[in-house]
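# Residue-level structure breakdown
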Amino acid sequence: MLAISEQVDEAFARDVLDGLAQKQPAVPARWFYDERGSALFDDITRLPEYYPTRTELAILSRSMGEIAAAVGTGRAVVDYGAGSQIKTPLLLEGIDPALYVPVDISGVHLRASAEALQQRFPDLAIEPVEADFAKPFRLPPAVDRHPVLGFFPGSTIGNFVPASAIDLLRSFRATLGVDALLLIGVDRIKDRSRLIEAYDDAQGVTAAFNRNLLERINRELGGTVPIEAFRHEARWNAMLSRVEMHLVAARDVTFEVVGRTFRIAQGGSIHTENSHKYTSESARLLLAAGGWTPLQEWTDGPGDFSLLLARA
Ligand code: AVI
C-alpha cells in the first residue's frame, strides 16, 4: 500500500498530465496548497484588495449573537478545511460546541491547528480527521452523540464548478446527517474591477501564488516549465459568473513533465483556478440543489459577502 504522500504525488502527476493535455490546458486549484502556496494564501487573505476574508470575519463577529441563537450550544462542529486561525475561535466562542472536528487533507496543518485550538479551548473535545473532504470519509463515532453543524467558510465553495459544488454539498449532507446545519460563506458578484483587483493585487502576491504551482510541478514532478515565460492573469468570466486565474505564455513554450512533452503557443494559457461568485438568490438555489434548505443569511452593508445557515 502507498503512503499518503506517495498517493498524493501520484494524484498530482495524474491531474497535471491529464490537465495539460486538454485543449485549454488546466491544473486543478487544489494543487496550489503546498507549504509555500499555503503561506502565500495566508498573505493573500491580508491584502488590501482581497476583501473576502476580512468581510466574512466582520459578518461573523457582528452577527455572532444571531448565529449562536440560530445554531444553539452543544453541537459537534465539523470544520471543513481545518480551522481558520481567526474565524474558528470566533465561532467556537460564540456557540460553545460539545465537540470540534477539523477535517483537512494535510495532516501536518491539521495537527498544528488542532493543538493551537486545544490550548485556547482546553475543555473542548477535539477529534481531527485527516481526509480530503471532497471525497467520502467517515466522521468519528463521538459525532453521533450530538447535533451537528458543518462549517465551510472562506467561499471555498466558489472554487468548485456548480455541478461539483452541488455534489460536494450533497456529500456534506450525507456525511453530516439528516439533522445537521451548515454555515457556509459565499462570495457575491460585484463590480468587475474590484473582483479583478482581488485576484491580481498590486504587490504581486496572487501572481506568486499562481506561479508557485509551476514551481511545484518542476520540483515534485521533475518538470522543465520555464516559469519566467508565464505571467499571471485574472479574468472575469461574466457568462459563468467567475474569476478565472490563468498563467499566460509570453512566448511559445515547450516543456516536459514526467517525461511527457507539452507545448503552449504564445498567448495560450494554463487555467489554474475558478472562483465562482453568486447573488444572494443564486447562492440559495445552489444550497437547495445540494440538498440544503436555507434558513438565514447574514451579509455586510454593501452585500459583498454572504454567510448562510441551512438545514439538511
Ligand atoms: C480559497 N479560495 C476561496 C480563494 C478564492 O478566493 O477563490 C483562493 C484564492 N485564489 C486567489 N486568491 C484567493
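Up top you'll find the structure we're talking about.
Residues numbered from 1 in each chain as written. Predicted model: local features only at pLDDT ≥ 70, side-chain atom pairs only at ≥ 80, totals over all residues. Heavy atoms only, no water.

## Some thoughts on the overall build of the protein
Condition: Helix and strand assignments follow DSSP, with helices taken as H or I runs no shorter than four residues and strands as E runs no shorter than two, numbered in order from the N terminus. Taken over C-alpha atoms, the radius of gyration is set against a globule rule of 2.2 Å times the number of residues to the power 0.38. The buried label applies to any residue whose accessible area, calculated with a 1.4 Å probe on protein chains only, is under 20% of its type's maximum; exposed applies above 50%, and partly exposed to all values in between. Contacts: residue pairs with any heavy atoms within 4.5 Å of one another. Only the protein chains shown count as cover for residues, with accessible areas throughout obtained via the Shrake-Rupley method and a probe of 1.4 Å.
The number of helices and strands found in the protein is nine helices and 13 strands. For the protein, the C-alpha radius of gyration of 20 Å lies close to 20 Å, the compact-globule estimate for 312 residues. With the C-alpha coordinates aligned to their principal axes, the bounding extent of the protein is approximately 60 × 50 × 35 Å. Across the 312 residues in the protein, those meeting the buried criterion constitute 53%. Pairs at least 24 residues apart make up 69% of the contacts formed inside the protein by residues separated by at least 6 positions. Summing over all exposed atoms, the protein offers an accessible surface of approximately 14400 Å²; the carbon and sulfur share of this is 52%.

## Description of the site of the ligand
Quick note on the threshold: When at least one non-hydrogen atom of a residue lies within 4 Å of a molecule or strand, that residue is treated as near it. What qualifies as a polar contact is a pair of N or O atoms within 3.5 Å, subject to a donor-acceptor requirement within protein and to the restriction that residues adjacent in sequence count only when both atoms come from side chains. Side-chain classes are defined by residue name, with Ala, Val, Leu, Ile, Met, Phe, Trp, Tyr, Cys and Pro counting as nonpolar, Asp, Glu, Lys and Arg as charged, and the others, Gly among them, as polar.
Of all residues adjacent to the ligand, which total 14 residues, the nearest are Tyr50, Asn159, Tyr199, Glu273 and Ser275. Tyrosine 50 is positioned with one of its side-chain polar atoms (N or O) 2.5 Å from an oxygen atom of the ligand. Within the side chain of asparagine 159, an N or O atom sits 2.8 Å from a nitrogen atom of the ligand. Taken by itself the ligand offers 350 Å² of open surface, and the protein chains cover 97% of this. The set of elements that each furnish at least two residues to the shell around the ligand consists of helix H2 (35-45), helix H8 (205-220) and strand S11 (269-276). Split into classes, the residues belonging to the shell around the ligand amount to seven nonpolar, six polar and one charged.

## Remarks on the side chain of arginine 216
Here arginine 216 lies in helix H8. For arginine 216, the contacting residues outside a window of four places in its chain are Phe12, Trp31, Tyr33, Asp34 and Leu221.

## Considerations on the packing of aromatic side chains
Counted only if it meets this: Note on aromatic contacts: the rings of Phe and Tyr and the six-membered ring of Trp form a pair at centre separations within 6.5 Å, being stacked when their planes are under 30 degrees apart, edge-to-face when over 60 apart, and tilted otherwise. Think of it as a cone above the ring: NZ of Lys or CZ of Arg counts as a charge over the ring if it is within 6 Å of the ring centre and within 35 degrees of the ring normal.
Counted according to the given criterion, the structure contains 17 aromatic pairs. Grouped by ring-pair contacts, the aromatic residues Phe32, Tyr33, Phe41, Tyr50, Tyr199 and Phe209 constitute a single cluster. The lysine or arginine in question, arginine 194, covers the ring of tyrosine 51, its NZ or CZ lying 5.1 Å from the ring centre. For the cation-ring pair, arginine 216 lies above phenylalanine 12, with the distance from its terminal atom to the ring centre recorded as 4.7 Å.

## Some words on the pairing of strand S1 (residues 76-80)
What counts is decided by this rule: Strand pairing is assigned whenever DSSP identifies at least 2 bridges connecting the two strands.
Counting buried residues in S1 gives five out of five residues, a clear majority hidden from the surface. Here S1 shows two buried faces, one formed by Ala76, Val78 and Tyr80 and the other by Val77 and Asp79. Taken together, the four bridges between S1 and strand S5 (residues 148-152) define a ladder with parallel strand orientation. Bridge pairing in S5 places alanine 76 opposite valine 148.

## Re the packing of helix H3 (residues 51-71) against helix H4 (residues 87-95)
Defined as follows: Whenever a helix is involved, its axis is fitted only over the stretch in contact; in every case the axis is a line through C-alpha atoms, and angles between N-to-C directions fall within 0 to 180 degrees. Throughout, the term roughly parallel applies to angles under 35 degrees, roughly antiparallel to angles over 145, roughly perpendicular to angles from 65 to 115, and oblique to all others. Here a crossing is called left-handed whenever its near helix is offset anticlockwise from the far helix by less than a right angle, and right-handed whenever the offset is clockwise.
Close contact between H3 and H4 brings their axes to 9 Å; oriented N to C, the two are set at 15°. By the angle between their axes, H3 is roughly parallel relative to H4. Considering only the axes of H3 and H4, their crossing is right-handed. Contacts from Thr53, Glu56, Leu57, Leu60, Ser61, Met64, Ala68 and Val71 in H3 reach Lys87, Leu90, Leu91, Gly94 and Ile95 in H4. Residue classes in the contact of H3 with H4 are distributed as eight nonpolar, three polar and two charged.

## Let's talk about unusual backbone geometry
Even without being glycine, aspartate 96 reaches a positive phi, approximately 45°. Within the secondary structure, aspartate 96 is located in the loop between H4 and strand S2 (99-104). Of note, serine 241 is a non-glycine position whose phi angle comes to about 50°, a positive value. Of note, serine 241 is situated in the loop between strand S7 (230-237) and strand S8 (242-249).

## A look at H2
Selection rule: Taken from the helix axis, the directions to the C-beta atoms give the arc we talk about.
Along H2, the residues classified as buried are Gly37, Leu40, Ile44 and Thr45. The buried residues of H2 occupy an angular sector of 145° when projected down its axis, which confines them to one face. Check the buried side of H2 and you find it contacts H3 and H8.

## Observations regarding the environment of aspartate 200
With respect to the helices and strands, the residue aspartate 200 is situated in the loop between helix H7 (192-198) and H8. On the basis of relative accessibility, which here comes to 35%, the residue aspartate 200 falls in the partly exposed class. Taking the C-alpha atoms as reference points, aspartate 200 and proline 294, 94 residues apart in sequence, are found 32 Å from one another. Those residues in contact with aspartate 200 that sit more than four places away from it in its chain are His232 and Ala234.

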